[in-house]
Amino acid sequence: MATFSVPGIKVSGLAACVPRKEVSNYDYRWVTAKEREQLVKTIGVEKRRHVEKGTTTSDMCQKAAQSLLEGLQWNTTEIELLIFVSQTRDYLIPQTSNILQHKLGLPTTAIALDISLGCSGYVYGLAVASAMMNSFGLSKALLLVGDISSLNSAYRDKSTYPLFGDAGTATALERLEDAPLMHFSLEGDGSGYKAIMIPDGGMRHIVSKKSFEYKKIAPGIYRTPLHIALDGIEVFNFSLREVVPNIKKLLAFSGQDLATVDYIIFHQANRLINETLRKMLKIPKEKIPYSLYKFGNTSSASIPLTIVSELRNQVQQNDLLLLLSAFGIGLSWATATVEFHKVFCPELIEL
Amino acid sequence: MALNIDDFIKKIEDEFDELEPGKLKPESAFRQMFDWNSINALVLIAMVKTEYNVTINADDLTKSKTVKDIFKIIESRYHE
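Residues numbered from 1 in each chain as written. Chains lettered and ligands numbered in written order. Predicted model: local features only at pLDDT ≥ 70, side-chain atom pairs only at ≥ 80, totals over all residues. Heavy atoms only, no water.

(A) Main features of the overall build of chain B. Secondary structure summary: chain B contains five helices and zero strands in total. Taking 80 residues into account, the globule formula puts the C-alpha radius of gyration at 12 Å, and chain B, at 11 Å, falls close to it. Along the longest, intermediate and shortest principal axes, the C-alpha atoms of chain B span 30 × 25 × 20 Å. For chain B, contacts bridging at least 24 residues in sequence account for 57% of all contacts bridging at least 6. (Helix = DSSP H or I, 4+ residues; strand = E, 2+ residues; numbered from the N terminus. Rg over C-alpha atoms; globule rule 2.2 N^0.38 Å. Contact = heavy atoms within 4.5 Å.)

Here it is as structure tokens:
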């Protein structure tokens, strides 16, 4: 049963890194000024950050990790596990986690692995990392999570280009005997695999000359099979169908009350979906922070980025109970309740 | 909660601020009432979900012509 609790692991630090370059949807000239207004209003993204070509997710995750190691005064030799969660890795092969292991100076005795997940990535990553630590008796781990979706979006695709932003994050996890339990509920449904996909470039449709040909999908939507294809209606229906029941399932399992949760951090899908979910749960706005307006949908990084950009002071100074709800590509979705007690959280880093 | 179409119309007016209050009637062909596009369809579907906990989809909207048509679908799926 994919609903379980992990004892004895705490979040010690959280850092996020975004590119310096800011792009505004009010400057998106592919659509009319009126459409831009509607986009910003409904999708809820006003600005986002775009990497320059050559900067990768792992670069941003590395910077975030280094700031944590420095701030927590952790010796790299102490790190026993590194998990890199991303769908925008450095190379098709080899996996990026080993490259990061090397660049960060982790010992060769550290376990390093990639997990390919997007929107649900942070919660799955937290579950896997904490469970491995608990199971194998590991003391310190780094969970590096992020994506640079901007490079996979076609400019002339008004359903994707204005939505995505780039970010890389790092979470430091540590063994602590009496740490509060982390609770998780993980689910997935591959029947919806086409809802968000890049059709070509993998093994199913090996890249060819045709992969680079732009096709008109709909008015205002032109892309190649090497760009992200997003079925907005499918994703919308899925989110409204699965997210709230999953949250309720987790809380029934953990015995926790939604009212005692300090903040709910949703994956930053878009404003329409997220606000509908908020209303379905009847949660007041103050309990649901957004990073969507300033940073866009940052895929796997969206939950940790939202905590750093919106709750930095609160996680550093207080003992908080956070509910994390992630959902999207796969289709894959997950909920977790995690206590953040005076977590080291440096200011947002820019690269 | 008893469902009533005037209340539904009021909720639509609340959601779409370009609609002049009082203009939308049960017989109104909703696609002609304002700038209808796929984003507006999603906004309407979202409103029906949060206000009535009823799921309508793009197909339901394609088959509907008037506000009353949509309201009838909501009524048929509404549970207390």
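Back to the write-up after that little detour.
(B) Summary view of the nonpolar core. Among the nonpolar cores identified, the biggest contains 70 residues, and A:Phe266, A:Phe327, B:Phe8, B:Ile12, B:Ile56 and B:Ile74 are the most heavily contacted of them. Looking at this core, the elements with two or more residues in it are α1 (33-43), α5 (232-254), β14 (263-266), α6 (271-281) and β15 (319-328) of chain A together with α1 (5-15), α3 (38-52) and α5 (67-77) of chain B. Leave out the neighbours within four places in its chain, and B:Ile74 touches B:Leu3, B:Phe8, B:Val48, B:Tyr52, B:Val54 and B:Ile56. Counting 48 residues, the second largest nonpolar core, distinct from the first, contains A:Tyr122, A:Met132, A:Ile265 and A:Ile303. (Core = buried A, V, L, I, M, F, W, Y, C linked by side-chain atoms within 4.5 Å. Buried < 20%, exposed > 50% of the residue type's maximum accessible area, 1.4 Å probe, protein only.)

(C) Molecular detail of the packing of α5(A) against α3(B). Remark: α5(A) packs on α3(B), axes separated minimally by 11 Å, with the N-to-C direction vectors making an angle of 10°. The pairing of α5(A) with α3(B) is recorded here as roughly parallel in orientation. Two secondary-structure elements touch here, α5(A) through A:Ile233, A:Phe236 and A:Leu240 and α3(B) through B:Leu42, B:Ile45, B:Ala46 and B:Lys49. (Axes fitted to C-alpha atoms, helices over the stretch in contact; angles between N-to-C directions. Parallel < 35°, antiparallel > 145°, perpendicular 65-115°, else oblique.)

(D) Up close: the packing of aromatic side chains. Residues and elements named next belong to chain A. On inspection of all chains with the given rule, the structure shows 10 aromatic pairs over all chains. Ring-pair connections join several aromatic residues into one group, and the members of that group are Tyr28, Tyr155 and Tyr161. Against the face of Tyr214 rests Arg156, its NZ or CZ located 5.0 Å from the ring centre. For Arg156, the ring lying beneath its charged end belongs to Tyr222, and the centroid distance is 5.0 Å. (Phe/Tyr/Trp six-rings, centres within 6.5 Å; stacked < 30°, edge-to-face > 60°. Lys NZ or Arg CZ within 6 Å of the ring centre and 35° of its normal.)

(E) Just α1(B), in detail. Residue and element names in this part refer to chain B. When we look at burial in α1, the residues that qualify are Ile5, Phe8, Ile9, Lys11, Ile12 and Glu13. The inward-facing, buried residues of α1 contact α3 and α5. Between the side-chain oxygen at the start of α1 and the backbone nitrogen of Asp6 there is a gap of 2.8 Å, and the oxygen is on Asn4. (Polar contact = N/O pair within 3.5 Å; in protein donor to acceptor, adjacent residues only side chain to side chain.)

(F) The interface of chain A and chain B, seen in detail. Counting from both sides, the interface comprises 11 residues of chain A and, opposite them, 12 residues of chain B. The junction of chain A with chain B conceals about 1,100 Å² of combined surface from both sides, 69% of it contributed by carbon and sulfur atoms. Between B:Asp17 and A:Lys41 there is a salt bridge, with the nearest N and O atoms lying 3.2 Å from each other. Where chain A touches chain B, the interface holds two residue pairs in polar contact (both at pLDDT 80 or more). Taken together, the elements giving at least two residues each to the side of chain A that touches chain B come down to α1, α5 and α6 of chain A. Class assignment for the residues of the side of chain A that touches chain B results in five nonpolar, three polar and three charged. (Buried area = accessible area lost by both parts, 1.4 Å probe. Salt bridge = Lys/Arg side-chain N within 4 Å of Asp/Glu carboxyl O. Nonpolar A, V, L, I, M, F, W, Y, C, P; charged D, E, K, R; others polar.)

(G) Local environment of the sheet that holds strand β5 (residues 81-85) of chain A. Residues and elements named next belong to chain A. Taken together, six strands build an open sheet; the order of strands is β6-β5-β7-β8-β2-β17 and the sheet is mixed. Both outer strands of the open sheet, β6 (111-115) and β17 (349-350), are each paired with one neighbouring strand and no more. In this sheet, strand β8 (residues 166-175) lies alongside strand β7 (residues 140-148) in antiparallel orientation, the contact comprising nine bridges. When the sheet's bridge partners are listed, Ala141 is paired in β8 with Leu173. Most of the contacts of helix α2 (residues 57-72) go to β8, to which it runs at about 40°, and overall it touches β2 (9-18), β5, β7, β8 and β17. Each of β2, β5, β6, β7 and β8 is contacted by helix α4 (residues 121-136), which is oriented at about 165° to β5, the strand it contacts most. (Pairing = 2+ DSSP bridges.)

(H) The arrangement of the environment of A:Thr108 in detail. Residue and element names in this part refer to chain A. Among the secondary structure elements, Thr108 is positioned in the loop between α3 (96-104) and β6. Looking at Thr108, the relative accessible area reads 78%, which means it is exposed. Counting along the chain gives 31 residues from Thr108 to Thr77, while the straight-line C-alpha distance between them is 9.3 Å.

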